[in-house]
Amino acid sequence: MENFKHLPEPFRIRVVEPVKTTTNEYREKAILESGMNPFLLDSEDVFIDLLTDSGTGAVTQDMQAAMLRGDEAYSGSRSYHALANAVKDIFGYEFTIPTHQGRGAEQIYIPVLISMREKEKGLERSKMVAISNYFFDTTQGHTQVNCCKAKNAYIEDAFDTSVNADFKGNFDLDKLEYAIQEAGPKNVPYIVSTITCNSAGGQPVSIANLKAVYEIAQRYDIPVIMDSARFAENAYFIQQREPGYQDWTIEAITRETYKYADGLAMSAKKDAMVQMGGLLCFKNEKFLDAYNECRTLCVVQEGFPTYGGLEGGAMERLAVGLYDGMRQEWLAYRIAQVKYLVDGLDEIGVVCQQAGGHAAFVDAGKLLPHVPPHQFPAHALACELYKVAGIRAVEIGSLLQGRDPETGKQYPCPAELLRLTIPRATYTQSHMDFIIEAFEKVKERAAQVKGLEFVYEPPVLRHFTARLKEV
Ligand code: F0G
């Protein structure tokens, strides 16, 4: 099929979920009743749901079949070993703890790595600073809840939607070194390499960059944790873009990638394609103490360490999903689908971040230049998109960014983006065409779209439950 312009969906759809169509009037009322917050809509009232690709995609028949093999023993189950063996085979990591999702892993490793620093080196956690290319919100949240600061060391162009680059998710290595020196190396309990970099638009990180980060970390004796939600998409971009990897398989690139970390935390709801599940793994004996402390904390937080947050069947499903998510033709199709959407939006003059792995990120700041950041242009755009077409998307901008707890001031935000997140194998090309058409209509009305102000502002993680009204 080499000579075709377009690769169609490389799967057959055999189970479908009906969705309801609604009228303009119905949607106007629904979004008003939801406090102008798409998070508070009922999924029944959504025609195309682009809130997230997390646990919302299709699963493969092999994953579904694997669930029936579940060994539900409380300890040492066969299903645990199936999962731990898959981890060893794919990532080369010795020690595995299953968790209920990504943040389940975070609520274990983050307090453990911080308290180990405290105990071993007699340091105060209030002076500690953890560093990432860009922390996902829950990873940042767990870091801060444990009284450690979180610092992002992203490259200058990461959020500039007018600049294209192969690896916009990379760390700025100078900023990383500077942040380590500024805090004092002992005060850095961990570095998190997020692949792909979700917050910057699903942008990949190169192996060369991950390797350089790891070398710096080793020099200062700082553990590196790979935040692995979209590890397979990252490997695909490396294969397509990084010199020297064109002939490598996704599996080989993945193995190579994980040499440059000491542990991994994974939301398996993305590239591993499960509806619910996560992983916390350590590479080798050097991290045996951390692993053991994590196992202890796992018992009280998630469950006995050989099931953590998962039932036996779910561990079997995840073991298969890790492999299925790395299929070459599958990743080629998925990345092409996102690019198709971004190209279509670009063609009608809707500026996006360059196409990344899991979503199109629309530059709402450019589409609604009359709405200032403190009136949340990307969130206003989300409401408009829902009204026009029943499409639910998510703001990645000032609303999500929040306020500095000490000063109460809104944190400055590098860009006002609207994320159109594509669940795996759930929507077809004709859905992408419909989304592009919806944006044509939104664009016509853009000048009339009003900014938003709070009716209710939650103190933290405000985008989930805030209620707003038009200014
Ligand atoms: N790390 C990254 C990079 C993520 O994207 C997510 C979740 C997590 C950690 C936390 O994992 O949700 O399984 O607890 N991202 C979802 C999203 C929610 O919509 O991007 P979780």
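Predicted model only: the values in this text are computed from it and were never measured.

### Some points on the sheet that holds strand β11 (residues 394-396)
By definition, the strands of a sheet pair up through backbone hydrogen bonds, in either a parallel or an antiparallel sense. As summarised here, the arrangement of the three strands in space is β9-β12-β11, forming an open sheet in which the pairing is antiparallel. The sheet is open, and its two borders are formed by β9 (359-363) and β11, each paired with just one other strand. Within the sheet, the average angular offset between the axes of one strand and its neighbour, ignoring direction, is 35°. As defined by bridge partners, β9 adjoins strand β12 (residues 417-421) across five bridges and the pair is classed as antiparallel. Residue Ala 360 lies in a different strand from β12, and its bridge partner there is Leu 420. In the packing of helix α14 (residues 377-389) onto the sheet, contacts are made with β9, β11 and β12, and the angle to β12 comes to roughly 45°.

### Re the environment of Val 19
With respect to the element layout, Val 19 can be found in the segment before α1 (24-33). By relative accessible area, which is 49% here, Val 19 ends up partly exposed. The spatial distance from the C-alpha of Val 19 to the C-alpha of Glu 347 is 29 Å, given a sequence separation of 328 residues.

### Regarding the pairing of strand β6 (residues 224-227)
The alternating pattern of β6 places Val 224 and Met 226 on one face and Ile 225 and Asp 227 on the opposite face, and all of these are buried. Crossover connection from strand β5 (residues 191-194) via helix α7 (residues 207-219) to parallel β6: handedness right-handed.

### Let's talk about the UniProt feature "modified residue: N6-(pyridoxal phosphate)lysine" (unreviewed entry) in the chain
UniProt annotation of "modified residue: N6-(pyridoxal phosphate)lysine" (unreviewed entry) refers to Lys 270 when read in the numbering used here. Mapping Lys 270 onto the fold places it in the loop between β7 (263-267) and β8 (278-282). For Lys 270, the contacting residues outside a window of four places in its chain are Asp 53, Ser 54, Ala 229, Arg 230 and Arg 424.

### Thoughts on the packing of helix α8 (residues 231-241) against helix α12 (residues 328-347)
Here α8 crosses α12 at 90°, and the two axes come no closer than 10 Å. The orientation of α8 with respect to α12, classified from their angle, is roughly perpendicular. Contacts between α8 and α12 pair Ala 232, Glu 233, Tyr 236, Phe 237, Gln 239 and Gln 240 from the former with Gln 328, Leu 331, Ala 332, Arg 334 and Ile 335 from the latter. Looking at side-chain class alone, the contact of α8 with α12 contains six nonpolar, three polar and two charged residues.

### Overview of the site of the ligand
If you check the shell around the ligand, you find 16 residues, and the closest are Thr 52, Gln 101, Arg 103, Ser 267 and Lys 270. Between the ligand and Arg 103 there is a distance of 2.6 Å, counted from an oxygen atom to a side-chain nitrogen or oxygen. Here an oxygen atom of the ligand and a side-chain polar atom of Ser 267 are 2.6 Å apart. About the coverage of the ligand: the protein hides 93% of its 470 Å² of free accessible area. Class assignment for the residues of the shell around the ligand results in one nonpolar, eight polar and seven charged.

### Remarks on the UniProt feature "domain: Aromatic amino acid beta-eliminating lyase/threonine aldolase" (unreviewed entry) in the chain
Within the UniProt annotation, "domain: Aromatic amino acid beta-eliminating lyase/threonine aldolase" (unreviewed entry) is assigned to residues 49-436. For the annotated span residues 49-436, helix accounts for 43% and strand for 12% of the residues, and the straight-line distance between the end C-alpha atoms is 15 Å.

### Observations regarding the packing of aromatic side chains
Counted under the stated rule, the structure contains 20 aromatic pairs. When the centroid spacing of 6.5 Å and the interplanar angle of 55° are considered together, the rings of Trp 330 and Tyr 333 count as tilted. A residue pair is termed a helical-turn pair when its members lie 3 or 4 positions apart in one helix, as Trp 330 and Tyr 333 do in helix α12 at three residues.

### What to know about the nonpolar core
Counting 92 residues, the largest nonpolar core has Phe 91, Ile 191 and Leu 322 as its most contacted members. In terms of residue count, helix α4 (residues 102-121) provides more of this core than any other element does, eight residues in total. Other than its neighbours up to four places away in sequence, Leu 322 contacts Leu 83, Ala 86, Val 87, Ile 90, Phe 91, Phe 231, Met 266, Ala 272 and Leu 279. In this structure, Ala 30, Val 342, Leu 368 and Val 442 belong to the second largest nonpolar core, which totals 49 residues.

### Remarks on the sheet that holds strand β3 (residues 129-132)
Pairing within the open sheet is mixed, and its seven strands lie in the order β2-β8-β7-β6-β5-β3-β4. With one partner strand each, in any of the chains shown, β2 (95-99) and β4 (149-152) form the two edges of the open sheet. On average, adjacent strands in this sheet sit at an angle of 20° to one another, irrespective of strand direction. Alignment of β7 against β8, held across five bridges, turns out to be antiparallel. Paired with Ala 265 across the two strands is Leu 280, which belongs to β8. In the packing of helix α10 (residues 288-301) onto the sheet, the strands contacted are β2 and β8, and the crossing angle to β2 comes to about 25°.

Thresholds applied
- The residue numbering used here restarts from 1 in each chain and proceeds along that chain's sequence as written.
- A pLDDT threshold of at least 70 governs which residues receive local features in this predicted model, and a stricter bar of 80 or more applies before side-chain atom pairs are shown or counted, although totals over entire chains, interfaces and linings include all residues.
- Side-chain measures were taken over the full set of non-hydrogen atoms in the model, leaving aside hydrogen atoms and water.
- At least two bridges found by DSSP between two strands are what make those strands a pair.
- Labels follow the DSSP assignment, with helices taken as runs of H or I lasting at least four residues and strands as runs of E lasting at least two, numbered in each case from the N terminus.
- Only the stretch in contact is used when fitting a helix axis, every axis being a line fitted to C-alpha atoms; angles between N-to-C directions are given from 0 to 180 degrees.
- Note on contacts: a residue pair is in contact if any heavy atoms of the two residues lie within 4.5 Å.
- Throughout this description, buried means an accessible area under 20% of the type-specific maximum (1.4 Å probe, protein chains only), exposed means over 50%, and partly exposed covers the range between.
- For the handedness criterion, the strands are oriented away from the viewer, and a crossover whose path from the first strand over the helix to the second runs clockwise is classed as right-handed.
- UniProt positions are given in the numbering used here, feature names are shortened, and annotations may be inferred rather than shown by experiment.
- Every angle not falling under 35 degrees, over 145, or within 65 to 115 is termed oblique; those three ranges are roughly parallel, roughly antiparallel and roughly perpendicular.
- Each residue is assigned to one class: nonpolar for Ala, Val, Leu, Ile, Met, Phe, Trp, Tyr, Cys and Pro, charged for Asp, Glu, Lys and Arg, and polar for all the others, Gly among them.
- Any residue with a heavy atom positioned within 4 Å of a molecule or strand is treated as near that molecule or strand.
- Polar contact is defined as a pair of N or O atoms within 3.5 Å, subject to the rule that within protein one atom must be able to donate a hydrogen and the other to accept it, and that residues adjacent in sequence are counted only when both atoms are side-chain atoms.
- Here, Shrake-Rupley sampling with a 1.4 Å probe gives the accessible areas, and only protein chains in the shown set may cover a residue.
- Two aromatic rings, drawn from Phe, Tyr or Trp (for Trp, its six-membered ring), form a pair once their centres lie within 6.5 Å of each other, and the interplanar angle then sorts them: stacked below 30 degrees, edge-to-face above 60, tilted otherwise.
- Think of a nonpolar core as a cluster: buried Ala, Val, Leu, Ile, Met, Phe, Trp, Tyr and Cys residues, connected wherever their side-chain atoms sit within 4.5 Å.

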